[in-house]
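# Remarks on the overall topology
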Amino acid sequence: TATPTAEGSEPLQALAAQAQAITGYRLAIVGRADSTGNAAANERLSERRVAAVTNYLLTECGVLPGRILPTAAMGESSIANDPDPPRNNAEARRVTVTIAVSRSAVG
């Protein structure tokens with residue numbers, strides 16, 4: 001599914017509140033899919049997941065559009081030097097939102 005569930009909405013609300021308390025924050029949003037099925041379909045699914053999370057952050061959490069970095073839809077592709085790689089297909093079906101802060105914005 002590409003819509004945040006009630007279970008997924010709460011962490012997004014908390015993350016947005018945490019980010020909004022940080023001067024100069026930006027959000028990096030990466031969508032993923034598992035390796036089952038068609039690669040092109042998995043790419044589209046990860047795009048829909050990213051769009052749904054981005055839309056939720058903008059419309060429900062008060063995040064301004066300029067605070068979101070260009071998004072990435074990875075499909076089933078792996079990420080180089082991934083600090084939290086999925087260990088199974090269930091973990092691969094996710095969207096990761098990271099708070100990024102420029103050093104110049106903090107000090």
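Right above here is the structure, for reference.
Now for a look at the structure at hand. The structure presented is a predicted model; accordingly, all values stated were derived computationally and were not measured.

Bringing the overall build of the chain into the picture now. The helix and strand inventory of the chain stands at 4 helices and 3 strands. In sequence order, the secondary structure elements of the chain are arranged as α-β-α-β-α-β-α. In terms of overall size, the chain behaves like a compact globule, its C-alpha atoms giving a radius of gyration of 14 Å where 107 residues would be expected to give roughly 13 Å. Projected onto its principal axes, the C-alpha positions of the chain cover 45 × 30 × 20 Å. In the chain, buried positions account for 29% of the 107 residues. Summarising the internal contacts of the chain: among those between residues at least 6 apart in sequence, 80% fall at separations of at least 24.

Right, let's talk about the side chain of Ser-46 for a bit. When you line up the elements, Ser-46 lands in helix α2 (residues 39–60). The exposure class assigned to Ser-46 is buried, which follows from its relative accessible area of 0%. Polar side-chain contacts of Ser-46 include one of 2.9 Å to the backbone nitrogen of Gly-75.

Definitions and limits used
Residues numbered from 1 in each chain as written. Predicted model: local features only at pLDDT ≥ 70, side-chain atom pairs only at ≥ 80, totals over all residues. Heavy atoms only, no water. Helix = DSSP H or I, 4+ residues; strand = E, 2+ residues; numbered from the N terminus. Rg over C-alpha atoms; globule rule 2.2 N^0.38 Å. Buried < 20%, exposed > 50% of the residue type's maximum accessible area, 1.4 Å probe, protein only. Contact = heavy atoms within 4.5 Å. Polar contact = N/O pair within 3.5 Å; in protein donor to acceptor, adjacent residues only side chain to side chain.

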